[in-house]
Amino acid sequence: MSERGRMVGKARFPIFPPLWLLLAVALAALFLLSGPSCGKGSGEGLLKRQLPQNATPEKIMLEALKATDEARTLSYSFQYALVIPPYGGKTFTSEVRLEGEGQYDASSGNAKVHITWPAFETEFDYVLYEGKPYFRPRDREKWYEMPSSTQFTFPSIAELTRDASEYINNFQRIIRMADEVVGERDCYHISLVPDFDAILQNEDFINMVFPEGTLDEQALEKLNEIKEKLRSASVNYEYWIDKEYLVLRKTHYSVELQEPGDEKNPPFIIRLAMTLHFPSYNVEVKIEKPQPVATS
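Please read these numbers as outputs of a predicted model, since none were measured by experiment.

Cut-offs used in this document
- Residues numbered from 1 in each chain as written.
- Predicted model: local features only at pLDDT ≥ 70, side-chain atom pairs only at ≥ 80, totals over all residues.
- Heavy atoms only, no water.
- Helix = DSSP H or I, 4+ residues; strand = E, 2+ residues; numbered from the N terminus.
- Buried < 20%, exposed > 50% of the residue type's maximum accessible area, 1.4 Å probe, protein only.
- Contact = heavy atoms within 4.5 Å.
- Areas by Shrake-Rupley, 256 points an atom, 1.4 Å probe, with all protein chains shown as cover.
- Polar contact = N/O pair within 3.5 Å; in protein donor to acceptor, adjacent residues only side chain to side chain.
- Phe/Tyr/Trp six-rings, centres within 6.5 Å; stacked < 30°, edge-to-face > 60°.
- Pairing = 2+ DSSP bridges.
- Expected span 1.5 Å × (residues − 1).
- Salt bridge = Lys/Arg side-chain N within 4 Å of Asp/Glu carboxyl O.

Time to look at the overall build of the chain. Helix and strand content of the chain: seven helices and 11 strands. Put simply, the chain has 296 residues, and 47% of those count as buried. Expressed as a percentage of contacts within the chain between residues at least 6 apart in sequence, the contacts between residues at least 24 apart total 61%. Of the accessible surface of the chain, which amounts to about 15800 Å², a share of 49% is contributed by carbon and sulfur atoms.

Here the focus is the side chain of Q103. Mapped onto the fold, Q103 is located in strand β2 (residues 94-105). A polar atom in the side chain of Q103 sits 3.4 Å from the side chain of S75. Those residues in contact with Q103, other than ones at most four positions away along the chain, are L74, S75, Y76, A111, K112, E284, V285 and I287.

Turning our attention to the packing of aromatic side chains. In total, this model carries seven aromatic pairs according to the counting rule given. An angle of 85° between the planes, with centres 6.4 Å apart, marks the rings of Y239 and Y253 as edge-to-face. Within this pair, whereas Y239 is found in strand β9 (residues 234-242), its partner Y253 is found in strand β10 (residues 248-259), the two being separated by 14 residues in sequence. Note on accessibility: Y239 and Y253 belong to one class, buried. Feature note: the residues W117, F120, F124 and F135 constitute an aromatic cluster, connected by ring pairs.

This brings us to the pairing of β2. Two faces, one strand: in a regular strand the side chains alternate between the faces of the sheet. The element β2 is largely enclosed, with a buried count of nine among its 12 residues. Here strand β1 (residues 73-84) runs beside β2; their pairing, made up of 12 bridges, is antiparallel. Across the sheet, L74 pairs through a bridge with Y104, a residue of β2. In this sheet, strand β3 (residues 111-117) lies alongside β2 in antiparallel orientation, the contact comprising six bridges. Residue pairing across strands places G100 opposite I115, the latter belonging to β3. Counted between consecutive antiparallel strands, the loop separating β2 from β3 contains five residues, among which G109 sits at a positive phi close to 80°.

Relative to the helices and strands, E44 is located in the loop between α1 (17-28) and α2 (57-69). Beyond its immediate sequence surroundings of up to four residues, E44 is in contact with R249, P279, S280, Y281 and N282.

Moving on to the pairing of strand β8 (residues 185-194). For β8, the buried fraction is high: eight of the 10 residues fall into the buried class. Across nine bridges, the pairing between strand β7 (residues 171-182) and β8 is antiparallel. Bridge pairing in β8 places V181 opposite D186. Where β7 folds back on β8, the antiparallel hairpin that results is connected by two residues, among which G183 adopts a positive phi of roughly 55°. Direction of pairing for β8 relative to β9: antiparallel, over a ladder of six bridges. Bridge pairing links Y188 to I241 in β9.

An α-helix turns once per 3.6 residues; consequently, residues spaced three or four apart project the same way. Compared with an ideal rise of 1.5 Å per residue, which puts 13 residues at 18 Å, α2 spans 18 Å between its outermost C-alpha atoms and is within 8% of the ideal. When α2 is considered as a whole, its buried residues turn out to be P57, I60, M61, E63, A64, L65, A67, T68 and D69.

Attention now moves to the pattern of salt bridges. In the structure shown here, the tally under the stated rule is 15 salt bridges. E95 is paired through a salt bridge with R97; the nearest N and O atoms lie 3.4 Å apart. R97 gets classed as partly exposed once you look at its relative accessible area, which sits at 37%. One salt bridge connects D242 with R185, and the closest N-O pair in it is separated by 2.8 Å. Linking D242 in strand β9 with R185 in strand β8, this pair joins segments that are 57 residues apart in sequence. Put simply, E44, K48, R185, D242, E244 and R249 are held in one network by salt bridges that share partners.

Printed below as a string of structure tokens:
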């Protein structure tokens, strides 16, 4: 669905495909968090950490992943935009713009997200409770348990990439930008350009996208198509890292992907951007099993 035109999403997400595509991205970003807290040091229960003045951007990034990974809980907000210009005889731009906020409990793996779709004055709630995903439009009383294919998991960085050096190898360039303030916190600003050839060859990544037994010939062909598209894409990640505690305070992902034209239509560019803010860590998070749940 779009603000001015309908868009086709992935079949694996049966309800409002772009929304669940967003959730896949937004919740996947939370894989940075898993594991116990390592002590006190701030009102958020974060340890104060110190880096040498000449710390490389790689060192800053790795220490940030480690510090963030040790948080017990987090609260976050996000803004998401997908823009497709006029093409194929269309005279208008198709857009999806969503925003929301949520919480995540690393000890239980439970999570909840509230999403607002301003163009349609629509709101949704999503809860992951004891490994089961639930969905509800805000104007409905009953929740719906979603198919297992829509379940999201939260592996830590270590589980996903096995070690920090392998994570760094997933990027072509890692650059330290000018320091900035995010939510009154002084932050390092790191820009990264991903290496999709490396990422898409990562066995753990492939197993996460295609669970065991589902990477058949058709899925492999689709994966190769994705590789070819991403090679020509402009993709950039940005991380803002708290200087005092080295946890993430903000992330921004931007993608420009050129779709090939044909005899009747010129090529066009799809633009996607998502920003997440992490204002608080280790605050009390209460996530309960959704009730009532529809039985059919």
